[in-house]
Amino acid sequence: MQERKTPEMPERKITGNKRTENKRAKGEIAKEKMINREAKKSPQKGVREGAGRKTKAVKNTKKKPVSKTGNTRTKRKPAGKTALKNIAEKKKLALSVIERLKREYPDAGCSLDYNEAWKLLVSVRLAAQCTDARVNVVVVGLYEKFPDVAALAAAPVEEIEEIVRPCGLGHSKARDISACMKVLLEKYGGRVPDDFDALLDLPGVGRKSANLIMGDVFGKPAIVTDTHCIRLVNRMGLVDGVKEPKKVEMALWKIIPEEEGNDFCHRLVEHGRAVCTARTNPYCDKCCLNDICKRRI
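Since we're looking at a predicted model, the values are computed, not measured.

Caption draft 1: Looking closely at the nonpolar core. Among the nonpolar cores identified, the biggest contains 66 residues, and Met181, Leu252 and Phe264 are the most heavily contacted of them. Here the element with the most residues in this core is helix H3 (residues 117–126); it accounts for six residues. Phe264 has contacts with Val97, Ile98, Leu101, Val233, Leu238 and Ile256, leaving out every residue within four places of it along the chain.

Caption draft 2: Spotlight on the environment of Gly237. Structurally, the position occupied by Gly237 is in the loop between helix H10 (227–236) and helix H11 (245–253). Residue classification places Gly237 among the buried positions, given a relative accessible area of 9%. Setting aside residues up to four positions removed in sequence, Gly237 forms contacts with Lys90, Leu93 and Lys294.

Caption draft 3: Representation of the environment of Cys110 within the structure. On the secondary structure map, Cys110 appears in the loop between helix H2 (81–104) and H3. Exposure remark for Cys110: the relative accessible area of 25% places this residue in the partly exposed category. Note: C-alpha distance between Cys110 and Glu270 (160 residues apart in sequence) is 9.8 Å. Once residues lying within four places of it in the same chain are set aside, the contact partners of Cys110 are Leu120, Leu212, Asp216 and His266.

Caption draft 4: Broad picture of empty space enclosed by the protein. Counting across every chain of the model gives two cavities of 30 Å³ or more. Empty space within the largest cavity amounts to approximately 90 Å³. When residues of the lining of the largest cavity are assigned to their parent elements, the largest contribution, three residues, is made by H10. Partitioned by chemical class, the residues of the lining of the largest cavity number nine nonpolar, two polar and three charged. Here the second largest cavity is characterised by a volume of approximately 60 Å³. Along its surface, the second largest cavity is lined by Leu121, Val122, Val124, Arg125, Asp176, Ile177, Cys180, Met181, Pro203, Gly204, Val205 and Ser209. Taken together, the elements giving at least two residues each to the lining of the second largest cavity come down to H3 and helix H7 (170–188).

Caption draft 5: Structural detail: the layout of surface pockets. Estimated volume of the largest pocket: approximately 880 Å³. Lining the largest pocket are 33 residues, with Asp132, Asp226, Thr227, His228 and Arg273 sitting closest to its centre. Secondary structure elements with two or more residues in the lining of the largest pocket: helix H9 (207–216), H10, H11 and helix H12 (261–274). The biggest single contributor to the lining of the largest pocket is H12, with six residues. Here the lining of the largest pocket is composed, by residue class, of 13 nonpolar, ten polar and ten charged.

Caption draft 6: Examining the pattern of salt bridges more closely. Counted according to the given criterion, the structure contains 14 salt bridges. A salt bridge links Arg100 to Asp291, with the shortest nitrogen-to-oxygen separation between them at 2.4 Å. With Arg100 in helix H2 and Asp291 in the segment after H12, the pair connects residues that are 191 residues apart, well separated along the chain. In this structure Asp291 comes out as partly exposed when scored by relative accessible area, which is 49%. With a closest N to O distance of 3.9 Å, Arg165 and Glu161 form a salt bridge. Judged by its relative accessible area of 41%, Arg165 is partly exposed. What you see here is one network of salt bridges that share partners, running through Lys90, Asp240 and Lys294.

The rules behind the values
Here the residue numbers are simple positions, counted from 1 along each chain's written sequence. Restriction of local features to residues with pLDDT of at least 70 applies here, the model being predicted, together with a cutoff of 80 or more for giving and counting side-chain atom pairs; totals for whole chains, interfaces and linings are based on all residues. Note: side-chain values were computed over all heavy atoms of the structure, leaving out hydrogens and water. What is meant by a nonpolar core is a set of buried Ala, Val, Leu, Ile, Met, Phe, Trp, Tyr and Cys residues, joined one to another through side-chain atoms within 4.5 Å. A 1.4 Å probe rolled over the protein chains alone gives each residue an accessible area, and that area as a share of the maximum for its type sets the label: buried under 20%, exposed over 50%, partly exposed in between. Starting at the N terminus, helices and strands are each numbered in turn, a helix being any DSSP run of H or I of at least four residues and a strand any DSSP run of E of at least two. What makes two residues a contact is simply this: any of their non-hydrogen atoms within 4.5 Å. Here a cavity means grid points, on a 1 Å grid over the protein atoms only, where a 1.4 Å probe fits yet cannot get out; a pocket means an open set of points with protein on both sides within 12 Å along at least five of seven lines; lining residues are those with an atom within 4 Å of a point. Grid points are joined across faces, edges and corners, and a volume is the space filled by probe spheres set on the points. Only Asp, Glu, Lys and Arg are considered charged, only Ala, Val, Leu, Ile, Met, Phe, Trp, Tyr, Cys and Pro nonpolar, and every remaining residue, Gly among them, polar. Put simply, a salt bridge is a Lys or Arg side-chain nitrogen that is within 4 Å of an Asp or Glu carboxyl oxygen.

Written out as structure tokens, the structure is:
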């Protein structure tokens, strides 16, 4: 039997791989276009790479200059060097201010009238949001009726309030005065303590009042940050934009000699009333500090 020859199948060109490659290439092109569009919309999120993978956002940082020794770290100024320089400059300015104010107001002192420590405690409480001149008038009637600590401690708050009402905030001031006198009588035998923290524990006594007592009554270092002091030391440049009384006090302790603090603050009050006023423009043309004051420089 003759063998049948199987017909040879014509060779087919295998194009499957090329089609796949073409599809893949088109897909990659489409992804690249999509990635480019997304990158344009939100470049801060970083650029996507590959099939759906995300890379971390690359920070746009400048390279640090390399020194000759190869160390990339730049030298920094020691911490606090600028602050120390400022304190040194402020100390120098403070000494100049102190000397000039001494010549201008040689006899400056507390403007509240008193002859006993407890009376100064009463007066300084009444002086809150009130002039010293008015306080000096009001306390005359108060001491005529209640001449000592025991009498004032025993007085009804209502009677004290009736007398001190012209000073403003009558009820709260009368209540504090009554409570303070009671503590002085019961705890200190009617005497005013010469300890700063003990003074702060007394009803109605804050840092300003305690410093005034320490300086004027006991002759100890004190800085009284009343409204005149705060206004003037900011204008002069002894402190920079600080208005909180305690912060001003702490800043001045660093630059004012301890033995000068109390008198310096009294002179600031005199200068604030006469020249560096609050309600009108300061009279800089006749100020003894006009050539060193920050406001004028």
